[in-house]
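Analysis of the macromolecular model
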Amino acid sequence: MVEEEVGFGMLFAGLLTFGLLLLIVFLIFKMFDTIYLSLFKRPAWVHFYLFKKKLSKEQKVILRNNSSFYSRLSSVGKERFEHRLQCFLNDKEFISRQDFVIDEEKKVLISATAVMLTFGMRKYMLPILEKIIVYPKEFYSTIDERYHKGEFNPRLKALVFSWKDFEEGFRVEDDNLNLGIHEFTHAIHLNSIKRSDTASVVFSDGFSELLRLLRNEDLVEGIKKSGFIRDYAFTNEFEFLAVVVENFIESPKEFKSQFPSLYKKIQQMFNFRFAGY
Ligand SMILES: [Zn+2]
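Note that the structure is a prediction, hence the values are computed from the model and not measured.

Moving on: the coordination of the zinc ion. Taken together, the protein ligands of the zinc ion are H182 (NE2), H186 (NE2), E239 (OE) and E239 (OE), with distances of 2.0 to 2.6 Å. Note that the zinc ion binds four donor atoms; their angles at the metal cover 54 to 144 degrees, and the shape is irregular. For the zinc ion, all donor residues lie on one chain, and their spacing in sequence is H-x3-H-x52-E. Here the residue H182 and the residue H186 both occupy positions in helix α7 (residues 179-194), the gap between them amounting to four residues, near one helical turn. In this pair, the class of H182 matches that of H186, namely buried.

Quick look at the structure:
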């Protein structure tokens, strides 16, 4: 009886010590993560998964044939991209409108845009977004009673696209017009306002710094005069970001050479330091 009690007591003490050790390691890790973030304005690490998810052969072929971003990644980068793409595909509900058929290619291309934009972020699932609604072409929006090519609807937790315009934006990679990038940037932006994970903090802090940067009237005047960034950017600060990210993704070299400080800010917000950016 006494031996049993001693044995149980030792087991309990052992478990307690192990638990405490785990807690200490976790707290040290968390502290390191926070200090790294405040010092370097980027996460200490981005990609982590225990069980790698794979794409089907068909999905891989679609990706290889259509995503120039994916093809520029290293082999490790490609595996990470595939894992994230599969997680994103599993998590989002795709809904078609007006009898439009959303096949695997459409799902992969839409999801690949989200995975590309969030590739430097630790959290990339965008919980604010649950549904992706696809119309064949421009659709009538009840938000402002006008025809839209795309919108993010926070009430429905939905991104809505005209496929015709999404595809045009996806195929033409150097005209600084990309509906998918534009709308997903809105979703990422709103997600960062609602959340407090590392990626959201980096994004929100970077956005505040971006707004401070735009107080420089010479810079804003220079942007307007250059014609590089289209006028719609100056509608409001949300549209400014969404339009500027289209330019960032599609014309990085020109962007970097014309407006290096702005380029750096966008790069910081998305932690976008790969594939030649
Ligand atoms: Zn917009």
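Under the defined criterion, the tally for this structure stands at 29 aromatic pairs. Relative to Y36, the ring of F32 lies with its centre 5.9 Å away and its plane at 50 degrees, an arrangement referred to as tilted. Placement of both F32 and Y36 in helix α1 (residues 2-40) is noted, with a separation of four residues, approximately one turn of the helix. For F32, a relative accessible area of 46% corresponds to the partly exposed category. The partly exposed category is assigned to Y36, whose relative accessible area is 23%. On the numbers, 5.7 Å between centres and 80 degrees between planes, the contact of F228 with F255 is edge-to-face.

Spatial strand order, β1-β2-β6-β5: four strands in an open sheet with mixed pairing. Of all the strands in the sheet, the pair left with one neighbour each is β1 (93-96) and β5 (150-153). With strand direction ignored, the average angle separating the axes of adjacent strands in the sheet is 15 degrees. One ladder, built from four bridges, connects β5 with strand β6 (residues 158-162); its direction is antiparallel. Looking across to β6, one finds that F152 is bridged to L159. Strands in contact with helix α6 (residues 163-171) are β2 (131-135) and β6; relative to β6, the strand with the most contacts, it is inclined by about 80 degrees.

With respect to the helices, strands and loops of the structure, H189 is situated in helix α7. The buried category is assigned to H189, whose relative accessible area is 3%. Dropping the residues within four chain positions of it, H189 is found in contact with F203, F207, F238 and L241.

Scoring rules and cut-offs
- Residues numbered from 1 in each chain as written.
- Predicted model: local features only at pLDDT ≥ 70, side-chain atom pairs only at ≥ 80, totals over all residues.
- Heavy atoms only, no water.
- Donors = N, O, S within 2.8 Å, 3.2 Å for Na, K, Ca; no water.
- Tetrahedral: all angles 85-135°; square planar, octahedral: opposite > 155°, others 65-115°.
- Helix = DSSP H or I, 4+ residues; strand = E, 2+ residues; numbered from the N terminus.
- Buried < 20%, exposed > 50% of the residue type's maximum accessible area, 1.4 Å probe, protein only.
- Phe/Tyr/Trp six-rings, centres within 6.5 Å; stacked < 30°, edge-to-face > 60°.
- Pairing = 2+ DSSP bridges.
- Axes fitted to C-alpha atoms, helices over the stretch in contact; angles between N-to-C directions.
- Contact = heavy atoms within 4.5 Å.

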